[in-house]
Amino acid sequence: MNVADAPEWLVPAFTRSVFAAGATASTDEIHAAAVRLLRRWSVPHRRFHTVRHLLDVLARVDELDQETYDQELVRLGAWYHGAVFDTQILTGSTFGCEDEAPSAALAVIELLGLGVSETRARRVGDLVAALVRHDPDPTDLDATVLCDADLGVLATEPQKYRTYLRNVREEYLDVPDAEFFVARHAIITGLLARKSIYRSPGARPWEEVARENLQAELQRVNRELSRIEEPATA
């Protein structure tokens, strides 16, 4: 899905959230900012972290709206959380190639430019930055909801989960199998080791399905790693 295919309501929804955050810019200026963001989400080498992922995260934020303190800022966090994308990021401590630190900085700069107060613009930046390890402060309800919304893909039905895995692998086509699967192994085992993957009460029903998907993926990753190690051993 690209800018042209995005639902008609998406840009107006961004505009409402920016105005709700206190923006003083014109509607046209905010619309232009939304289109720029959608172009970022639509670059060709994105396969999973696309406008579709943005829509899914926004939908989950809406699903968890009773858990939020400032839902509009959480929505803006969703818009910006994957704005900067770097396929060089692949470690056991990160969930994907969404580059949260520069995405957070971009959110602050753009929202300030749209007339949002520094306090609220920086709050959106903080929400985005909290996704670096997907382990937010449990007392920060808004950061917890945004994190759970982003991790919601883990709790999809098995066929959609397999599609997610295929698309993520395509985003890292230049990464050798050994490096990719070692990183995925670290990510999966890190998530499974947590007492709870999801922290907000509304997302806790997702826990069982997410763990089933992760366990199934872990088995596949272990098989891939064994396949890779066998020629080296021989």
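Look up: the structure comes first, before these words.
In this report, we go over the structure that sits alongside the text. It should be emphasised that the depicted structure is a prediction, and the values quoted were computed from it without experimental measurement.

Calculation notes
Residues numbered from 1 in each chain as written. Predicted model: local features only at pLDDT ≥ 70, side-chain atom pairs only at ≥ 80, totals over all residues. Heavy atoms only, no water. Helix = DSSP H or I, 4+ residues; strand = E, 2+ residues; numbered from the N terminus. Expected span 1.5 Å × (residues − 1). Buried < 20%, exposed > 50% of the residue type's maximum accessible area, 1.4 Å probe, protein only. Arc of directions from axis to C-beta. Contact = heavy atoms within 4.5 Å. Salt bridge = Lys/Arg side-chain N within 4 Å of Asp/Glu carboxyl O.

Comments concerning helix α2 (residues 27-41)
Side chains that are three or four residues apart share a direction in an α-helix, a result of its 3.6 residues per turn.
Thought 1: For α2, built from 15 residues, the straight-helix expectation of 21 Å at 1.5 Å per residue is met to within 8% by its first-to-last C-alpha distance of 21 Å.
Thought 2: All buried positions along α2 are accounted for by I30, A33, A34, L37, L38 and W41. Along α2, the residues classed as buried sweep out an arc of 140° about the axis, all on the same side. Opposite the buried face of α2, by more than 90 degrees, sit the exposed residues D28 and R39.
Thought 3: Those residues of α2 that are buried are in contact with α1 (10-20), α3 (51-63), α4 (71-80) and α5 (100-113).

What to know about the pattern of salt bridges
Thought 1: One pass over the structure, following the stated rule, counts 13 salt bridges.
Thought 2: The partner of R211 in a salt bridge is E207, with the nearest N and O atoms 2.9 Å apart. Taken together, the positions of R211 and E207, both in helix α10 (residues 207-233) and four residues apart, correspond to about one turn of that helix.
Thought 3: The buried category is assigned to E207, whose relative accessible area is 14%.
Thought 4: Linked by salt bridges that have partners in common, R169, D177, E224 and R227 make up one network.

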